[in-house]
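For reference, the chains in residue letters:
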Amino acid sequence: MLNPKSRQLTPHFLWGASTSAYQVEGAWDKDGKGPSVIDLANHTEGVTDFKVCSDHYHRYKEDIKLFAELGLKTYRFSISWTRIYPTGRGDINKAGIAFYDSLINELLNYGIEPFVTLYHFDLPQALAEQGGWGNRETIDAFIEYARTVFNHFGDRVKFWLTINEQNMMILHGNALGTQDTSLADPMKALYQENHHMLLAQAQVVKLCRQVLPTAKIGPAPNIVSIYPASSHPEDILAANTYSAIRNWLYLDMAVFGRYNTIAWNFLECRGWTPTIEKGDMEILANAAPDFIAFNYYTSQTVARSSGEEVEKGHTGDQHLTVGESGFYTASRNTHLKVNEFGWEVDPVGFRTTLREIYDRYQLPLIVTENGLGAFDELVKDEQGNLTVEDNYRIDFLRQHIEQMRLATEEGVEVFGFCPWSAIDLVSTHQGCSKRYGFIYVNRDEFDLKDLARYRKKSFYWYQQVISTEAKEL
């Protein structure tokens, strides 16, 4: 129960919702857009691709009008790199600039703050064919891309995110289609790519400060509390190790400009340390972000390693593989319920995560993803209107917002909450059948139907949450 005299949320709290370009826009090859690694990736049999998605590219005005009705104060979305530079570098695609100009202006017309992610998994295919993030030239291409969008949109965009879930791209590169498994040592290559992304991020943060001195910028990793499976000292040690590898490696570099000690030792033990060239550490220094954005869906529990060669976890999607022989292995948390995709539901873990991040870095926080995927069913309500009775999503978000409020009461500075997702989109793993949005999009995996939009029950609930500043949950 919240204390009615408790600390209030920060003034002008950014109640919002999130999407990403490759999952919502569609129009994958329209108006000069080039292919990304996502566009050309192999997709699971029986699951749609990302060519049409929710057709937000053609329907963004309709969607933004709904976002305004929902009451969003901010909309977190990503820019498709290949809409701006079809091959990752070279000539600017004016049609891509025009699309995001119009989208941003439409948001501002409704008083919605644009919150822009520069990179959300969709590396230009042309750059991937030249070595992707393993090629240091990709760093320069990313900086030039960032400079372009800063120059074109920075007069209207105050908040920027550098790279979405960099840690997931490294820890689960194969699951996300970002890992080149043909390489002799793909894991060593991944951590070299990670080093290059860290360099790119640091330089883009510094560039933002030069080009847009009043703007704010930060990273957006996926950060979760890691529990030990028991009070056994080696389980606690395993949890500490995994937390360093999964969480602090990325944020310690972003904030402090150095590699986390435990994570670096892990890389040394595996033979995966990246090559650090002269001047790299100077680039990484003094590039602390203005805030930390993070995505949270579920906590994780690990135990001491069993010594097996391959250790796999029990959950799905980005939590599919959790385990490193000799260091830690995944464990089921019997104190938590699971959703229909096997993800453990842990609102209190969300609060713990907020506390851990803020206490460690003392930077303002914004939650850029949190939500529940489900097989939603379109039904008629008592008035005969089509909707989704998604009480399960309301319960999930209510519990997490309550814990966020308690964290702010304890002194954690949180300035925004952007659930995943504003509207139904194509899930990275389960296609469009796994739905997250407040707004239902009428399509199936391979039948586009009419792509009509319908407000779910959670739409009206979140509308009330925003209008009352979460005083009525």
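Computed from a prediction, not measured in an experiment: that's the story for all the values here.

Parameters and conventions
- Residues numbered from 1 in each chain as written.
- Predicted model: local features only at pLDDT ≥ 70, side-chain atom pairs only at ≥ 80, totals over all residues.
- Heavy atoms only, no water.
- Pairing = 2+ DSSP bridges.
- Helix = DSSP H or I, 4+ residues; strand = E, 2+ residues; numbered from the N terminus.
- Expected span 1.5 Å × (residues − 1).
- Bend = angle between axes of the 7 residues up to and from the residue.
- Axes fitted to C-alpha atoms, helices over the stretch in contact; angles between N-to-C directions.
- Contact = heavy atoms within 4.5 Å.
- pLDDT = per-residue confidence, 0-100.

Draft legend 1. Summary view of the sheet that holds strand 6 (residues 226–228). Taken in spatial order, the four strands of this open sheet run 6-8-10-9, and their pairing is mixed. Edge positions in the sheet fall to strand 6 and strand 9 (323–324), since each of these pairs with one other strand and no more. Pairing geometry for strand 9 and strand 10 (residues 328–330), over two bridges, is antiparallel. Opposite Glu-324, over in strand 10, you have Tyr-328 as the bridge partner.

Draft legend 2. Focus on helix 10 (residues 233–256). The end-to-end C-alpha distance of helix 10 is 29 Å, clearly below the 34 Å that 24 residues give at a rise of 1.5 Å each. The sharpest bend along helix 10 measures roughly 55 degrees and falls at Trp-248.

Draft legend 3. Examining the sheet that holds strand 11 (residues 365–369) more closely. Here we have eight strands laid out as an open sheet, ordered 5-4-3-2-1-14-11-7, and parallel in their pairing. Every interior strand has two partners, whereas the edge strands, strand 5 (216–220) and strand 7 (292–295), have only one. The average undirected angle you get between the axes of adjacent strands in this sheet is 25 degrees. Its contacts with the sheet put helix 9 (residues 186–211) on strand 3 (113–119), strand 4 (159–164) and strand 5, and the angle it makes with strand 4 is roughly 170 degrees.

Draft legend 4. Examining the confidence of the model for the protein chain more closely. Averaged over all residues, the pLDDT of the protein chain is 93; the fraction at 70 or higher stands at 94%. Considering only residues more than four positions removed or in separate chains, one finds that residues 313–320, a stretch of pLDDT under 50, has 27 contacts.

Draft legend 5. Quick peek at unusual backbone geometry. With an omega of 10 degrees, the peptide bond running from Trp-420 to Ser-421 counts as cis. As for its position among the elements, Ser-421 is in the loop between strand 14 (414–417) and strand 15 (439–441). Look at Asp-55: it is not a glycine, yet its phi comes out positive at around 55 degrees. Relative to the assigned elements, Asp-55 resides in the loop between helix 1 (21–24) and helix 2 (56–70).

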